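# Structural description and commentary
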Amino acid sequence: MASNAQNASLTVWNPSGVDRSARAAKKLKQIRTGAALQGAIGLILALVIYLFLSKIFGVIVCSIALLLTVLAFCAPIAVYTPIKGGLARLSTIVGTTISFVVLLALYCLFFVPFGLLFRRGRRNKLSLDFAAERSSYWIDRNASSEPSSGKKKNYEQQF
Amino acid sequence: MKILGISAFYHDSAACVLDQGRIVAAAQEERFTRIKHDHNFPLHAVRYCLAEAGVDADGLDAVAFYDKPLLKFHRILETYFGMAPSGFRSFFQALPVWMKKKIWIPVEIEKALKAAGVEPPEKLYFPEHHESHAASAFYPSPYQNAAVLTVDGVGEWATSTISNGEGGRLEILKELGFPHSLGLLYSAFTYFTGFRVNSGEYKLMGLAPYGKPVYRDKILDEMIDLKEDGSFRMKMKYFGYLDTLRMTSSPFDEFFGGPPRKAETPLTRREMDIARSIQEVTEIIVLRMARHARTITGHKHLCMAGGVALNCVANGKILREGIFDDIWIQPASGDAGGALGAAMAVWHNALGNRREADDKNDAMSGAYLGPEFADDDIAVYLETHGYPHEKLSDEEWAPRLAQLIADEKVIGLHQGRMEFGPRALGGRSIVGDARSPKMQSVMNLKIKYRESFRPFAPTCLEERISDFFAIDRPSPYMLLVAPVNEERQIALRGDEEDLDITEWVNRPRSDVPAITHVDHSARIQSVGKKYNPRYHALIKAFEDLTGYGIVINTSFNVRGEPIVCTPEEAYQCFMRTEMDFLVLGSYLLDKKTQPAWSEDGDWRDKIALD
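The present account deals with the structure reproduced in this document. Bear in mind that the values here come from a model prediction, so they are computed numbers and not experimental data.

## Quick notes on the sheet that holds strand E14 (residues 411-414) of chain B
All names here are of chain B.
- With mixed pairing, nine strands are arranged side by side in an open sheet as E13-E21-E20-E14-E15-E19-E16-E18-E17. Whereas interior strands pair on both sides, the edge strands pair on one side only; in this sheet they are strand E13 (390-391) and strand E17 (480-483).
- Inspection of the sheet shows E14 paired to strand E20 (residues 581-584) by four bridges, in the parallel sense. Paired with Leu 413 across the bridge in E20 is Val 583.
- Packing against the sheet, helix H12 (residues 312-321) makes contact with E17 and strand E18 (521-527), and its axis sits at approximately 70° to E17.

Laid out in structure tokens, this is it:
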């Protein structure tokens, strides 16, 4: 077998199998590094809050940041990871709710009125109607002004 | 010059590398991540393809992405303008993904290449989606000149195209525009009959022979307006994909007298008749499109790609109609093949490179374009884990396996390079005796764990194809369906429709019952010596033993998981199922001697049904 091929196959598979202990150690290192970074950011944020907004709230944020960092180093799998998972789920819920509100506003304030306006002005890029009098629905690529066709071939453009 | 082609973010992400226009490697991301139809950016496939091509840190000259993302985004937005005020649920689901990922393709490409240790090249190219499909069909084909037909769900705006291919140039002549799409029409019926969209379409095709076309005319009269040239429009009141998260709407339910079938519930006569009806409608449309392609291009050969080109029953009809002297279908006709086509479109269309074809040989290397694992590495794996094995010499490999197949053993075959595309072609296959009447139900229920109505496909020796099937040319990629020769058929008794589907399936239909579908058809792979000599030798040895140069070939996976890639995945699948033997390269493993298999939890819970 050519050496390229053998090397290539080894990029997708380790014949000796997964070194579970090395993988576990790597995962722990990732958890701790991530937690340390988040802890540092949390402390900076706590300091800003303490100095400029609310001393009590600043202390609370600082305590949470320190607690999570300590947990990441002392009980990374048993305690920190489930807490982090819970926080991630909470942030997903918050993010989804915010997205919903923003996108609903965008849809109602932009797409609905303009969509209705366009269709009232007989502009609809979706050609939905049947045309019994036509012998063909094929669009001639060279002649048509439809958005997908008649475009100059410019391979470097994304449109 | 080395070009990397990429498809991503819809379904079946993949990567491909061309070196001076020659296909060096191609692979689907799902095979590495073990997520079926993985649509995420194909990091692993990119890394593999670059390694296979020996691309070093600054060795990549260009990257081609398989569609124009901003043009596609334009279509998405125009759809919402066209449907508002309805459509918010779809809008809410789609827009965040677009804003976060899909409009930032150059950034994703740069990240992936840096992760693979390769400097991103200056040039990024974005051929259109259907141009990528057309290029994947034409450029690797054997033909110097050909008509090219691409039919799928939708690209940017086009859903079907007819192109003219001449030498090194490919030009799209005609297109059909969204939302009128044969791919989406077929997917709507896939959804309605309880199969998974973008995954279960071939199950709908396999179900069709069990039914009657009772709805065909009604569909043609009321659901679509079909013109003589194969172009059509759909009555969108029946379809929900423009503005809802369903493929079909309430009027569709009323049309067929009830709601969609729920997944995993028993199939009824209604679903079988629907399957048959939509299959015939699809064939009518594709045949008309093919005739129109012949008319406007004048070429005597046809190339096809796009998801609908995987409908091999329709492909077989095109061939038998004699509209063209011959046809060639891209083995990776779905979006995975777009990666290959994008790279090809750039090499030829954008960069103007020539192409010479001899009208006989294609450039796909049998579709064996993925990783291959050396015997030495396999030995390390088996020794490390203590799995009992036996090394077969080159001389004993084929005869030994042939004898096992003749003894009605089921063998998992993992050898050579992995296939590119949805079909297993002897590199990652489960093989068995096609003569055995019980093999279809054994394999469906005990090995694939899938629906029992589904037929198996054969691989036969290329030189024997006409001995078994009514077809007079090779079929190397399992993309053509043809009848089993009449002299081999066992006539239907006429009472099949009164039977339970399981009873019907178990009735022998020919002297190779395991691969003969209920209508006496088969989806054929023929293998020659050139691209898979070992597989050819195996079937030849089986013929020497039994007089039959044909075996069952099904993909090496259980239902819901991607086809296996590595020897480790092959071993895992082997041990999870009731296969008798496993072949890894030159090594043979007997299930009876293997240590007991254990894993955390039930593996069936880890794999979502498709």
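## Overview of helix H4 (residues 76-120) of chain A
Residue and element names in this part refer to chain A.
- Its axis deflected by about 35° at Tyr 107, H4 carries its strongest bend there.
- Buried residues are scarce in H4, accounting for three of its 45 residues.
- When H4 is considered as a whole, its buried residues turn out to be Tyr 80, Phe 111 and Gly 115.
- Immediately beyond the C-terminal end of H4, within one or two residues, lies Arg 122, with a positive phi of roughly 60°.

## Focus on unusual backbone geometry
All names here are of chain B.
- Put simply, Ala 84 and Pro 85 share a cis peptide bond, and its omega is 15°.
- Here Pro 85 lies in the loop between helix H3 (69-83) and helix H4 (88-102).
- Positive phi, normally seen in glycine, also occurs at Ala 367, with a value near 70°.
- Mapped onto the fold, Ala 367 is located in the loop between helix H13 (336-350) and helix H14 (375-385).
- Classification of Ala 367 as buried rests on a count of 27 C-beta atoms within 10 Å.

Conventions and cut-offs
Residues numbered from 1 in each chain as written. Chains lettered and ligands numbered in written order. Predicted model: local features only at pLDDT ≥ 70, side-chain atom pairs only at ≥ 80, totals over all residues. Pairing = 2+ DSSP bridges. Helix = DSSP H or I, 4+ residues; strand = E, 2+ residues; numbered from the N terminus. Contact = placed C-beta atoms within 7 Å. Axes fitted to C-alpha atoms, helices over the stretch in contact; angles between N-to-C directions. Bend = angle between axes of the 7 residues up to and from the residue. Buried ≥ 20, exposed ≤ 12 C-beta atoms within 10 Å, placed from the backbone.

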